Amino acid sequence: MRLWSLFLLPLLCLPVRVRSEDYSDVTVIFRGSETISSTSDEFVCATIDWWPPEKCNYDQCPWGGASVLNLDLTNPLLAKAIQAFSPLRIRVGGSLQDQVLYGTPNLGSSCDPFTKVSSGLFGFSQGCITLERWDDINDLFLNTGAVVTFGLNALQGRQQTRKGVWGGPWNSSNAREFIEYTVSKNYPIDSWEFGNELSGSGIGASVSAEQYGNDLVELQTIINELYGDSSKPLVVAPGGFYDQKWFAQLLDVSGPNVLNAMTHHIYNLGAGNDPQVPNRILNPQYLSRTSDTFRSLQLTIQRHGPWSAPWVGESGGAYNSGSRLVSNTFLNSFWYLDQLGQSAKYDTKVYCRQTLIGGNYGLLDTDTFVPNPDYYSALLWHRLMGTRVLSIDISGSSYLRAYVHCAKQKGGVALLLLNLHRTMGFMVSVRNDLNVNLAEGREIRRDNAFVHGLKRTVSWVGSKASDGFSKREEYHLLAKDGNPFARTMLLNGVPLELTEDGDIPPLYPVEVSVNSPIYVAPLTIAFVVFPDFEAEACGR
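On a predicted model such as this, the values are computed, not experimentally measured, just so you know.

A. Summary view of the overall build of the protein chain. For the protein chain, the helix and strand inventory stands at 12 helices and 25 strands. Residues counted as buried form 59% of the 540 residues belonging to the protein chain. Sequence separation of 24 or more characterises 77% of the internal contacts of the protein chain that already satisfy a separation of 6 or more. Accessible surface computed for the protein chain: about 21,500 Å², of which carbon and sulfur atoms make up 48%.

B. Spotlight on the packing of helix 6 (residues 244-254) against helix 9 (residues 290-304). Where helix 6 contacts helix 9, the axes come no closer than 10 Å and their chain directions differ by 25°. Judged by the angle between their axes, helix 6 and helix 9 are roughly parallel. The handedness of the crossing between helix 6 and helix 9 is right-handed. Contact residues: helix 6 offers Q244, F247, A248, L251 and D252, while helix 9 offers S296, L297, T300, I301 and H304.

C. Molecular detail of empty space enclosed by the protein. A complete count under the given rule lists two cavities of 30 Å³ or more for this structure. The volume enclosed by the second largest cavity comes to roughly 50 Å³. Around the second largest cavity, the lining residues are I48, S67, V68, L71, L73, V92, R133, I137, L140 and F141. Split into classes, the residues belonging to the lining of the second largest cavity amount to eight nonpolar, one polar and one charged.

D. Focus on the state of the cysteines. Within the structure shown, the criterion is met by four disulfides. In this model, C56 is linked to C61 through a disulfide, with the two sulfur atoms separated by 1.9 Å. Between C56 and C61, the S-S dihedral sits near 95°, and the bridge is therefore right-handed. Covalently, C406 is tied to C538 through a disulfide, its sulfur atoms 2.0 Å apart. Negative torsions about the S-S bond denote left-handed disulfides, and the value of about -85° found for C406 with C538 makes this one left-handed. Taken together, the residues span a long stretch of sequence, with C406 in strand 17 (residues 400-407) and C538 in the segment after strand 25 (525-530) at a distance of 132 residues. Like C406, the residue C538 is buried in the burial classification.

E. Region of interest: a nonpolar patch on the surface. Together, F122, I203 and F241 make up a nonpolar patch on the protein surface, roughly 220 Å² of accessible area in all. Tracing the sequence through the fold places F122 in the loop between strand 4 (100-103) and strand 5 (127-130).

F. Geometry of the packing of aromatic side chains. On inspection of all chains with the given rule, the structure shows 28 aromatic pairs. Measuring from ring centre to ring centre gives 6.4 Å for W50 and F114, while their planes differ by 75°; the resulting arrangement is edge-to-face. Here W50, found in the loop between strand 2 (44-48) and helix 2 (76-83), pairs with F114, found in the loop between strand 4 and strand 5; they are 64 residues apart in sequence, far enough to count as distant. By the burial criterion, W50 is buried, and F114 matches it.

G. The pairing of strand 10 (residues 234-240), seen in detail. The buried fraction of strand 10 is high, at six of seven residues. Alignment of strand 9 (residues 189-194) against strand 10, held across three bridges, turns out to be parallel. Its bridge partner lying in strand 10, E193 is registered against V236. Where strand 10 meets strand 11 (residues 261-266), four bridges bridge the pair, whose relative direction is parallel. In the sheet register, V236 faces strand 11, and the bridge partner there is A261.

H. The arrangement of the sheet that holds strand 2 in detail. Sheet architecture is closed into a barrel: eight strands sit in the order 2-3-6-9-10-11-13-15, paired in parallel fashion. Strand-to-strand twist in this sheet, taken as the mean axis angle between neighbours without regard to direction, amounts to 25°. Bridge count for strand 6 (residues 147-152) against strand 9 is five bridges, and the pairing is parallel. By the bridge assignment, G151 is partnered in strand 9 with E193. Along the sheet face, helix 9 touches strand 11 and strand 13 (310-315) and points at about 165° away from the line of strand 11.

I. Molecular detail of the environment of G202. You can see G202 is positioned in the loop between strand 9 and helix 5 (209-227). A C-alpha to C-alpha distance of 7.5 Å links G202 and G164, two positions 38 residues apart in sequence.

J. The arrangement of helix 10 (residues 332-344) in detail. The terminal C-alpha atoms of helix 10, which comprises 13 residues, lie 19 Å apart, in line with the 18 Å expected from a rise of 1.5 Å per residue. The buried fraction of helix 10 amounts to 13 of the 13 residues, a majority that puts the element mostly inside the structure.

K. Region of interest: the nonpolar core. Counting residues in each nonpolar core, the largest one holds 127 residues, and the members touching the most others are Y212, F334, Y375 and F527. If one sorts the elements of this core by residue count, helix 5 sits on top with eight residues. Counting contributing residues per domain, this core is built from domain 1 (23-36 + 394-439 + 470-538) and domain 2 (39-387), each supplying no fewer than three. Not counting residues up to four positions away in its chain, the partners in contact with F527 are L337, S377, L380, W381, L384, M385, L415, L416, E473, E474, Y475 and L477. Formed by 25 residues, the second largest nonpolar core is a distinct cluster that contains A402, C406, I518 and V528.

Cut-off values and rules
- Residues numbered from 1 in each chain as written.
- Predicted model: local features only at pLDDT ≥ 70, side-chain atom pairs only at ≥ 80, totals over all residues.
- Heavy atoms only, no water.
- Helix = DSSP H or I, 4+ residues; strand = E, 2+ residues; numbered from the N terminus.
- Buried < 20%, exposed > 50% of the residue type's maximum accessible area, 1.4 Å probe, protein only.
- Contact = heavy atoms within 4.5 Å.
- Areas by Shrake-Rupley, 256 points an atom, 1.4 Å probe, with all protein chains shown as cover.
- Axes fitted to C-alpha atoms, helices over the stretch in contact; angles between N-to-C directions.
- Parallel < 35°, antiparallel > 145°, perpendicular 65-115°, else oblique.
- Left-handed = near helix turned anticlockwise from the far one by under 90°.
- 1 Å grid on protein atoms, 1.4 Å probe; cavity = no way out; pocket = protein on both sides within 12 Å on 5 of 7 lines; lining within 4 Å.
- Points joined across faces, edges and corners; volume = space filled by probe spheres on them.
- Nonpolar A, V, L, I, M, F, W, Y, C, P; charged D, E, K, R; others polar.
- Disulfide = S-S within 2.5 Å.
- Patch = residues over 30% accessible without salt bridge, like charges linked within 9 Å, V, L, I, M, F, W, Y side chains within 5 Å.
- Salt bridge = Lys/Arg side-chain N within 4 Å of Asp/Glu carboxyl O.
- Phe/Tyr/Trp six-rings, centres within 6.5 Å; stacked < 30°, edge-to-face > 60°.
- Pairing = 2+ DSSP bridges.
- Expected span 1.5 Å × (residues − 1).
- Core = buried A, V, L, I, M, F, W, Y, C linked by side-chain atoms within 4.5 Å.
- Domains from an automatic or database assignment.

In structure tokens form, the structure reads like this:
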């Protein structure tokens, strides 16, 4: 029996069969008078990791040639995939980041790649990137217009004081020489990230917030000296799992205008071999749990370091290289897009997906470089959803997730709808709060009489649609053959596949009258753009 059949099997045991034509009415009200938060233009981000081919989990080794050190930088599909975003932010970093040496003239040792060592951190020795390889990587970045965040080794010079805990000051000499070389070559690094997963109790290793904060001051001093009067890159850290006390102390110790962004990591779906990963993706209550993290980090920054901003520096859903059966399939896009929507509501400026390529969670297939479904989900978000985030009120089932932003470039607004229900469709009516006096924070789903009255009295866009000729643009995403574990995604019924020339396919919408409701079928996703929507916050 196929996996997706097993996934849907519990539904067949229901006492009453749900007919495929059944649907539920939902009303979504946009609050367009003001924004609740904003992202950056390069909100969508993807990582390139350091893991060598020998990195294995659950009797599989899914990294192959996807490392910073061995990735085929000349593969045309790689360049085309990056260029399609125009631009794509790329974060270079990962678990082995704090074991990376830089092959500068004063390194004092040979520049060798990682090797498996049982006594090493994460089972690997230190590894080294040559300056020639760094040049080649930057050629790719320059040719594709990538916006680059590079993660530095923050363990250099420290000593392990007890299991999992490292002490002593950072030895910055090798990193300084590497940054100096980068500046001399005019490589446009947008941001330098300090360390990977050393915050709080750490993953494999940890450093105290006090020492980390002092080291960040040193890194900022180095950047100020080496970049001089030219435009300076951002300093971001700590690239670890959120620990409120540790993050707050880091801001307090490093002080004003040192740390430009606080990066944290999210792997909220569990281990890559956990059979519950698919069910968690489709559980709205489970998905919403990460809002607590986003909210807490936002408040920590506001209280301890308002000069900084929240970033998700790495997020792959399922940890240990992702889920072989889920992370590269259509189903994963429900988790991924919901994460983008949730995080944006809490002022997250950047969201870096683990990975661009490598492991089971790559936006591109590790072997073929062909885009997986999440690649197209990311591309549609990047092209349609603007930086300004609006609030909404929604009636109906929690299985319909909805996020709305000012639209990108075209004006109006862009709506993302995720139907997590396996059998129930949703008929969505969109309204504007332009003429509705709703109490702040009031939820309309608890008052059906109010909702029905609202449908009769509120224009969805105000005056612009009164002639009946206004159109909206719809992008409906569904799985090939209705299989949620398919690795091919359909856009408005058309498979998203590379063209004969190996190009990223065009992403065409269908145009629909704004006066008709939006139907979102079971286990499908819809982006909907309203070019004529009257949202005061989007016109400023």
